[in-house]
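# Observations on chain architecture
Read off the chains here:
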Amino acid sequence: MKILVCISNVPDTTAKINFKDNDTQFDTQGVPFVINPNDEFGLTRAMWFKEQNGATVDVATVGDASVEATLRKALAIGADEAYRIDTPALDGYQVAAELSALVKENGYDLVIAGRESIDYNGGMVPGMMAGILGYSFIHKCIELNIDQQTATAVREIDGGKESLTAQLPLVIGGQKGLVEEKDLKIPNMRGIMMARQKPLKVLPGIGAQPLTQDIHFAKPEARSQTTMISKDNLDELIEKLHTEAKVI
Amino acid sequence: MSVLIFAEQEQGVFRKQSLEAASYASAWAQAQGTTAEAVVFGNTKSDSLAEYGISKCYMINDGPSERFEAHSYAWAIAQIAVESGAKLVVLGASANAQSIAPLLSVHLKAAFVSGVVSMTESSTPMTFKRTVFTNKGFSQTEVTSEVAIISLSANAYGLHPNPVHCDTIEKNRAELQDQAKTTPGAVDKAQGKISIADAEIVVSAGRGLKGPENWGMIEELAQVLGAATACSKPVSDLGWRPHSEHVGQTGKPVASNLYIAIGISGAIQHLAGVSASKTKVVINTDPEAPFFKAADYGIVGDAFEVIPQLIEKIKAFKSQNA
Ligand SMILES: Cc1cc2nc3c(=O)[nH]c(=O)nc-3n(C[C@H](O)[C@H](O)[C@H](O)COP(=O)(O)OP(=O)(O)OC[C@H]3O[C@@H](n4cnc5c(N)ncnc54)[C@H](O)[C@@H]3O)c2cc1C
Ligand SMILES: Nc1ncnc2c1ncn2[C@@H]1O[C@H](COP(=O)(O)O)[C@@H](O)[C@H]1O
């Protein structure tokens, strides 16, 4: 089985977000970048497929040279080969089209992407890839097992979960549940050393065009003051929630 | 030209997020001098859609369509979008809507803008305000395709009644089944509980609760308020509560009208994911807990003392105001 894990390079969850150039660009200065949390779960799940079923696992990112540190980390965790598609990520559609071209070229049976990247919160790349490639699609996938050509999976639905089966080739939008937090693989020294020898291939991309453009960014408005209420005066809280906030 | 919504129903009742989509679509249609229409799977009375301005309902009504399947639903909506000349397709933020929208985008070669929080400010080109960086920012996103697909962030646009007459068009989609790529199996869903995605009020608790055996009062508070229950990430990682309740930047987003945080410190990842909620109440023993800075109302106190009292007082309030 050939697996591709799509890795989004995103600001660390604790990062402060600022914009520059008259609020038309995200200011990456001083921002530490990490593997998108949803993709970490998918990458570890892929490693288990490698250990148990002898799958090969490649990783790919669409972006400029600054994403290579994140790809190296994925190699250190155990991926076999990394691809960087050398074009800025402009929107979900363009990224999905670029990644789909790589999938066609290399013939992956299983594409693991994340439910959503925590930077632009698109939640669209895996579904668009499934659409472009005509692959089966399972979004918000929280369990995945594969026997020959058949995937048995569980997806999250609102207020519960649903089991389902699908034939490969398959794209999933993965998240926590694929593996648990405590099972996440982190790079060790040996992995880091080995990653240096592994191929990180830079591809030119197919020149896919985006369908959207971020033209202006803004930060949330400063919020109003906190009203402190004594624990001995819960009636006041109820009164305020009813008459002031009008939420109960 | 039209604007089309994906109207999702559960046991014959349209979900609130679909009625928000209807409200949004009908306001957009009015501004553009066109009509707001809906695609419905399964047989449901269109009355409540008409109430929010939907004047045409395509009912896809055969056996297999009762059961959600991403590829076949997206295919069917795409057919209808082409037939009705839709310029805009509006969806909610449900798990199913999130599965369909990107597939639909490929079918229609239409941009998909997710997490939209307000009415479009420009229609040529179409521009939408959406959340980015998990509520740490907003983007004005311009669409360069002819057709756009958007998903609305829950509770952001709200419900705006606009009663009209609704025509129903029955669609037989025999080919629907051929489009399916997955086979849905068993569903495991708590009955009679409100999901975080649908909730107007969310009661959430953290590690301050000490252990899973103490969640009875959280459930009870949620029940008297008609709220969904949620928790912080460590609580789900410890197995005290199911993962489906984990909210925050790496869990579910919460955009409720009221969010009550009990024994949650207010780490940046937690705050980012819940900050779209309109009113936040924080109950914590530690007056220095960072969550207080993000709260609208704060109570310094022990949850084990405050929550049982709060339950009694809300019960009394509800019975007075019933
Ligand atoms: C990559 C990454 C992603 C993350 N994503 C998320 C996320 O999506 N969601 C999330 O929630 N966290 C997330 N976290 C974890 C986050 O950093 C915090 O560790 C977590 O939110 C803390 O949970 P807590 O507030 O329940 O626990 P604690 O921080 O331990 O806080 C417990 C609070 O309870 C209070 N308390 C104690 N006893 C009582 C009592 N009797 N009554 C009332 N209050 C009491 C304490 O004063 C304290 O403030 C993430 C972390 C990382 C590194
Ligand atoms: N630039 C990118 N390169 C590679 N994969 C990406 C990129 N952007 C998004 N993805 C993948 O698509 C998933 C969903 O991203 P998004 O649709 O942007 O929210 C991520 O979790 C990644 O798996």
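Residues numbered from 1 in each chain as written. Chains lettered and ligands numbered in written order. Predicted model: local features only at pLDDT ≥ 70, side-chain atom pairs only at ≥ 80, totals over all residues. Heavy atoms only, no water.

## Describing the overall build of chain B
What chain B contains, in helices and strands, is nine helices and 18 strands. For 322 residues, the compact-globule formula gives about 20 Å, and the C-alpha radius of gyration of chain B, at 21 Å, lands near that figure. Along the first, second and third principal axes, the C-alpha set of chain B runs to 60 × 40 × 40 Å. Counting all 322 residues of chain B, 60% fall into the buried class. In chain B, 65% of the contacts between residues at least 6 apart in sequence involve partners at least 24 apart. About 11900 Å² of surface is accessible on chain B, with carbon and sulfur atoms providing 50% of the total. Computed over 26 positive and 31 negative side-chain charges, the separation of the two mean positions in chain B equals 4 Å. (Helix = DSSP H or I, 4+ residues; strand = E, 2+ residues; numbered from the N terminus. Rg over C-alpha atoms; globule rule 2.2 N^0.38 Å. Buried < 20%, exposed > 50% of the residue type's maximum accessible area, 1.4 Å probe, protein only. Contact = heavy atoms within 4.5 Å. Areas by Shrake-Rupley, 256 points an atom, 1.4 Å probe, with all protein chains shown as cover. Lys, Arg positive; Asp, Glu negative; His and termini not counted. Charge placed at Lys NZ, Arg CZ, Asp CG, Glu CD.)

## What to know about the pattern of salt bridges
Summed over the entire model, instances satisfying the criterion amount to 29 salt bridges over all chains. Across the salt bridge formed by Glu305(B) and Lys231(A), the nearest N and O atoms sit 3.5 Å from each other. With Glu305(B) in helix H9 (residues 303-321) and Lys231(A) in the loop between strand E15 (227-228) and helix H6 (234-243), this pair bridges two chains. Arg241(B) is the partner of Glu219(B) in a salt bridge, and the nearest nitrogen-oxygen pair spans 2.7 Å. Here the residue Glu219(B) occupies a position in helix H6 (residues 216-225), and Arg241(B) occupies one in the loop between helix H7 (233-237) and strand E16 (258-262), the gap between them amounting to 22 residues. Through salt bridges that share partners, Asp158(A), Glu8(B), Glu10(B), Arg15(B), Lys189(B) and Asp198(B) make up one connected network. (Salt bridge = Lys/Arg side-chain N within 4 Å of Asp/Glu carboxyl O.)

## Side note on the site of ligand 1
In the vicinity of ligand 1, 27 residues are found, and the nearest of them are Ser232(B), Ser265(B), Gln269(B), His270(B) and Asn284(B). Flanking ligand 1 are residues from chains A and B. Between an oxygen atom of ligand 1 and a side-chain N or O atom of Gln269(B), the distance comes to 2.7 Å. Burial of ligand 1 by the surrounding chains reaches 76%, relative to a free accessible area of 1000 Å². For the shell around ligand 1, the secondary-structure elements that each account for two or more residues are H7, helix H8 (268-274) and H9 of chain B. Looking at the shell around ligand 1 residue by residue, the class counts come to six nonpolar, 16 polar and five charged. (Near = heavy atom within 4 Å. Polar contact = N/O pair within 3.5 Å; in protein donor to acceptor, adjacent residues only side chain to side chain. Nonpolar A, V, L, I, M, F, W, Y, C, P; charged D, E, K, R; others polar.)

## Things to note about the confidence of the model for chain B
Atom-level detail of predicted coordinates should not be read off regions where pLDDT is low. Taken residue by residue, chain B gives an average pLDDT of 95. The fraction at 70 or more is 98%. For this predicted complex, the interface confidence score (ipTM) comes to 0.96, while the overall pTM stands at 0.96. (pLDDT = per-residue confidence, 0-100.)

## Section: the domain arrangement of chain B
Residues and elements named next belong to chain B. Here chain B is partitioned into domain 1 (2-176) and domain 2 (201-320). The straight-line distance from the C-alpha centre of domain 1 to that of domain 2 is 32 Å. Counting residues at the interface gives six residues for domain 1 and 10 residues for domain 2. Sorting the residues of domain 1 by area buried against domain 2 places Thr134, Asn135 and Asn155 first, and these three jointly supply 67% of that buried surface. (Domains from an automatic or database assignment. Buried area = accessible area lost by both parts, 1.4 Å probe.)

## Quick notes on the interface of chain A and chain B
Listed by partner, the interface residues are 75 residues for chain A and 85 residues for chain B. Both sides together, the interface formed by chain A and chain B hides about 6800 Å², and carbon and sulfur atoms give 57% of it. At the junction of chain A and chain B, the tally comes to eight salt bridges. Between Arg67(B) and Glu162(A) there is a salt bridge, with its nearest N and O atoms 3.2 Å apart. At the surface where chain A touches chain B, the tally comes to 44 residue pairs in polar contact (both at pLDDT 80 or more). Broken down by secondary-structure element, the contributors of at least two residues to the side of chain A that touches chain B are helix H4 (125-133), strand E9 (136-147), strand E10 (150-157), strand E11 (160-167), strand E14 (212-218), E15 and H6 of chain A. No other element matches E11(A), which puts eight residues into the side of chain A that touches chain B. Considering only residue class, the side of chain A that touches chain B consists of 34 nonpolar, 23 polar and 18 charged. Judged from the six bridges that link them, E11(A) and strand E13 (residues 182-189) of chain B form a sheet pairing that is antiparallel. Bridge pairing in E13(B) links Leu164(A) to Pro184(B). (Pairing = 2+ DSSP bridges.)

## Concerning unusual backbone geometry
Note on backbone geometry: most residues besides glycine have negative phi, and most peptide bonds are trans. Looking along the chain, the bond that leaves Leu168(A) and enters Pro169(A) is cis, with omega of -5 degrees. Position of Pro169(A) relative to the elements: it lies in the loop between E11 and strand E12 (170-174). A cis amide bond, omega -10 degrees, links Thr124(B) with the succeeding residue Pro125(B). Among the structural elements, Pro125(B) can be located in the loop between strand E8 (122-123) and strand E9 (126-132). With a phi close to 55 degrees, Gln148(A) is a non-glycine residue in the positive phi region. For Gln148(A), the location among the structural elements is in the loop between E9 and E10. A positive phi angle, close to 75 degrees, is found at Lys210(B), a residue other than glycine. Note on placement: Lys210(B) falls in the loop between strand E14 (201-205) and H6.

## Focus on helix H2 (residues 68-77) of chain A
Every buried residue of H2(A) is listed here: Thr70(A), Leu71(A), Ala74(A), Leu75(A), Ala76(A) and Ile77(A). Looking one or two residues beyond H2(A), the residue adopting positive phi is Gly78(A), at roughly 140 degrees.

## Concerning the site of ligand 2
Residues and elements named next belong to chain A. The environment of ligand 2 is formed by 20 residues, the closest being Cys6, Asp39, Ser117, Gly123 and Met124. Between ligand 2 and Gly123, the relevant distance is 2.7 Å, taken from an oxygen atom to a main-chain nitrogen or oxygen of the residue. The contact in question runs from an oxygen atom of ligand 2 to an N or O atom on the backbone of Met124, over 2.8 Å. Contact with the protein chains covers 93% of the free accessible surface of ligand 2, which is 480 Å². Of all the secondary-structure elements, those providing two or more residues to the shell around ligand 2 are strand E6 (56-62), helix H3 (92-106), strand E8 (110-114) and H4. With three residues, the single largest contributor to the shell around ligand 2 is E6. When its residues are assigned to classes, the shell around ligand 2 shows 11 nonpolar, seven polar and two charged.

## Examining the nonpolar core
Residues Ile5(B), Leu49(B), Val90(B) and Phe128(B) are the most contacted members of the largest nonpolar core, which totals 89 residues. Looking at this core element by element, the count peaks at nine residues for helix H3 (residues 70-84) of chain B. What Ile5(B) contacts, discounting residues up to four positions off in sequence, is Ser18(B), Ala21(B), Ala22(B), Ala25(B), Glu37(B), Ala38(B), Val39(B), Leu49(B), Ile54(B) and Val90(B). With 36 residues, the next largest nonpolar core counts Leu237(A), Ile283(B), Tyr297(B) and Ile307(B) among its residues. (Core = buried A, V, L, I, M, F, W, Y, C linked by side-chain atoms within 4.5 Å.)

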